[in-house]
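Chain by chain, the residues run as shown.
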Amino acid sequence: MTITKYINLLLTAIQNLNRFKAKTIAVVLPLTISMSVISFMMFTRGGFIKDTLIAEKFLPDITVQSTEAGRVAKISTDMIEKFGGIPHIKKIIPRVWGYIPLNIDDTDISYTLMGLDLDKIDYHKHLPWTLEQGFFLTKGDKNKAVLGEGCALSLNASVGDTLNIEDTLGNTGQFKLTGILGNTVQVYSTDLILVSIEDARQFFGYKKNEASDLLIYVDDFQSADKIAWEITTTFPNTRVLTAKALTNLVIEAFGRRGGTFQMMWLILLVTLLLILWAQTAHISVDMSKEIGILKATGWLTSDIIIMRMMESLVIGLTGTSVGILIGFIYGLMGTPGISGYCIGCASIYPKFPVPVHCDIQSLLILSIMGVVPIMVISALPSWLAGIIDPDVAIRK
Amino acid sequence: MFKELIKEKYLSTIFFALILFTVLYIYNDNITTSYNNSKDTQMRMAIIETLGVPALPIISQCCTSRNLVDGIYARRSELPGGYCFHADCDVAVTPNVIAEKVYKLTVIKKDK
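Residues numbered from 1 in each chain as written. Chains lettered and ligands numbered in written order. Predicted model: local features only at pLDDT ≥ 70, side-chain atom pairs only at ≥ 80, totals over all residues. Heavy atoms only, no water.

**What about the overall build of chain A?**
Where we set the bar: Numbering of helices and strands starts at the N terminus; helices are DSSP runs of H or I of at least 4 residues and strands are runs of E of at least 2. When a residue's accessible area, from a 1.4 Å probe over protein chains only, is under 20% of the maximum for its type it is buried; when over 50% it is exposed; and in between it is partly exposed. Only heavy atoms matter for contacts: two residues are in contact if any of them lie within 4.5 Å across the pair. All accessible areas in this document rest on Shrake-Rupley with a 1.4 Å probe, and a residue is counted as covered only by the protein chains that are shown. Asp and Glu count as negative and Lys and Arg as positive, but His and the ends of the chain are not part of the count. Where a charge lies is defined by one atom per residue type: Lys uses NZ, Arg uses CZ, Asp uses CG and Glu uses CD.
Tallying secondary structure elements over chain A gives 13 helices and 13 strands in all. Counting all 396 residues of chain A, 55% fall into the buried class. Considering only contacts within chain A whose residues lie at least 6 apart along the sequence, 79% involve residues at least 24 apart. Accessible area for chain A stands at about 17200 Å²; split by element, carbon and sulfur atoms hold 61% of it. Distance from the positive charge centre (33 side chains) to the negative charge centre (35 side chains) of chain A: 7 Å.

**As for the domain arrangement of chain A**
Rule in force here: An automatic or database domain assignment supplies the residue ranges for each domain.
Here chain A is described as being made up of domain 1 (3–53 + 254–395) and domain 2 (75–211). For domain 1 of chain A and domain 2 of chain A, the distance between their C-alpha centroids amounts to 50 Å.

**Remarks on the environment of A:Gly182**
Residues and elements named next belong to chain A. Counting through the fold element by element, Gly-182 comes out in the loop between strand S9 (172–181) and helix H5 (186–189). Relative accessible area serves as the criterion here: at 8%, Gly-182 is assigned to the buried category. Along the sequence, Gly-182 and Val-376 sit 194 residues apart, while their C-alpha atoms lie 50 Å from each other. In this view, Gly-182 contacts Thr-130, Leu-131, Glu-132 and Glu-149; residues no more than four positions away in its chain are not counted.

**Some points on a nonpolar patch on the surface**
Residues and elements named next belong to chain A. Heads up, the condition is: What makes a patch is a set of residues exposed beyond 30% relative accessible area and free of salt bridges, joined within 9 Å when like-charged and within 5 Å when nonpolar (Val, Leu, Ile, Met, Phe, Trp, Tyr). Any carboxyl oxygen of Asp or Glu that lies within 4 Å of a side-chain nitrogen of Lys or Arg is treated as forming a salt bridge with it.
Residues Trp-277, Leu-380, Trp-383, Leu-384 and Ile-387 make up a contiguous nonpolar surface patch of about 460 Å² in total accessible area. No other element matches helix H12 (residues 360–386), which puts three residues into the nonpolar patch. For Trp-383, a relative accessible area of 42% puts it in the partly exposed group.

**Points about the pattern of salt bridges**
Applying the stated criterion across every chain, the model contains 10 salt bridges over all chains. Between A:Arg19 and A:Glu290 there is a salt bridge, with the nearest N and O atoms lying 2.1 Å from each other. Here A:Arg19 is found in helix H1 (residues 2–19), whereas its partner A:Glu290 is found in helix H9 (residues 285–296), with 271 residues between them in sequence. Residue classification places A:Arg19 among the partly exposed positions, given a relative accessible area of 45%. For A:Glu290, a relative accessible area of 27% puts it in the partly exposed group. Among the salt bridges present, the one from A:Asp51 reaches B:Arg44, with a minimum N-O distance of 2.7 Å. Note that A:Asp51 is positioned in helix H2 (residues 21–55) and B:Arg44 in helix H3 (residues 39–51), a pairing that runs across two chains. A single burial state applies to A:Asp51 and to B:Arg44, both of which are buried.

Set out below in C-alpha cells:
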C-alpha cells in the first residue's frame, strides 16, 4: 500500500514536470551541462591516474640525480660503483638528457634530447609496436635518432632524414633518423629525440664519466624506500626520487588541475541552484489552486511536500545521469577542444587518445553533487507549497 | 504500475543513461585502460619501461619552472619528460615571453 502510494506520488510528480515542460527543461539542461563538465574532468583525471598507477610498476625504482648549490647537476658514473655495494640493487643505468629550445613558427618549444645506454636498457617486448615508422635504436648505433611523433610532425621529418642540431655555442650534432614513435605513446614521448648515450654526451659536452641521472632497479620492490634512504644519507649531494614519489606527484598534479575545474563547476552549480530556487519558490495561481484542490480532496501536507520533492529528485537524477553519460562519452572521444587543459601545460598539445577512467568513489561523489543540492534547495519551497490553506488557494 | 513507471520518459531516460554508462564503463575498464587487454596501454608502458620516463612531457618551457622556492613541484621539469605542476601554466606560458636563446634544428631530407 505504501509503495503504491509513493509510486502514485512519483507518477503525479512526473506528470507535473511534463505539464511545465519549459520550466523543467530550464533546470534539467543546465544541470546536464554542469554535470557533464565535472564528469569528463573527473574521468580524464581518473584515466591519467590509472595510467600512472600502472606505470609505477614499469618505472625505474629509484632515480638519482646530483645536486650542486641546490641545483640539479651532472652526476658522476663513478657513483655506480659506490651504489653497487648497497644490497638489493639489481642494475644501474646512466642516462644523459637535456633540452633543445627551439622557435618553430613563432612558438617557443623545448624538445628533450635523451641519450640511452643501449647496452644496458631493457627493450620491452612491445617496444616495436610503439614505432610508427622505422626501427628503434639498437646496440652500437651511432649518430642515429628516434623521434617522438610531435617532434617529427613539427619538423616535417621522416625516417632516412638527417637532423642537424646546433646549440648556442655552435656545437653541432648530426643524427640520421631511424624511427618515429607512434601517436599512442605521444603522452610520454611527443617531445623526445632519442639518441645513444655517447652521442648525447658529445652533443651536450659531457665527459665520459658524466651523466644526467642514474636509474636504479632493485630486485625487491619493498626495499626501494630503504635503498633510497640509504643513498640520501650516505651521499648528501644527491636528489633521490622513488617511483612511488613520482607517481604520487603526478596524481597530486592532476588533483590540482581537477581542483581548478571544480571551482569553475561550483560557480555553475550555484547559478543553477539559484534558478531552481527562483522557479520552485514562485508558486503560480494555477499551481496554488491545484494544491488547494488536492488538499480539499484528502491529500495531506506531507503528500504535497513529498510530491514536490520527487519532482526535484526526478530532475536531479535525469540531469545527473545524462550529464555523467555525456561527460564519459566526451572523455572517451578525447575531450575535443579542451584536451590541452586536461593534459597539462604546453603551447602545442599532442593529439593522442586520452585515457579515461571512473571509479565507484567518483560516481558516488558525482551523484551526490548532482542530486543532493537540488533536493536541499527545493525543500523549503516544497514545504511552503504544502502548507497552503486549501480554502484560501481555491478562492484565489 | 511499474509498467507505467517505465513508460515515463524521465525514468526511462535515467535507466537508459545508466545502462549505457554501465556498458561503456565495463568496456573501458576491462578493455581500453586495462594493461592486460589494451594494446595502447601496453605500448605506453613499453615506452616508460625502456626509457625510464616518469611523467608527461613538458613541451613549452614554463617561466615558473625554475623557481626554486617551489621546491620539487616546479623542479620536476628537471626530469626528462618532466611535467610542470603549476595549474596556471597556461597563462604563464605564452609564445615570445621566453628570453632564452634558441638552438637551430634543420632537417636534411633523405632525397636531397
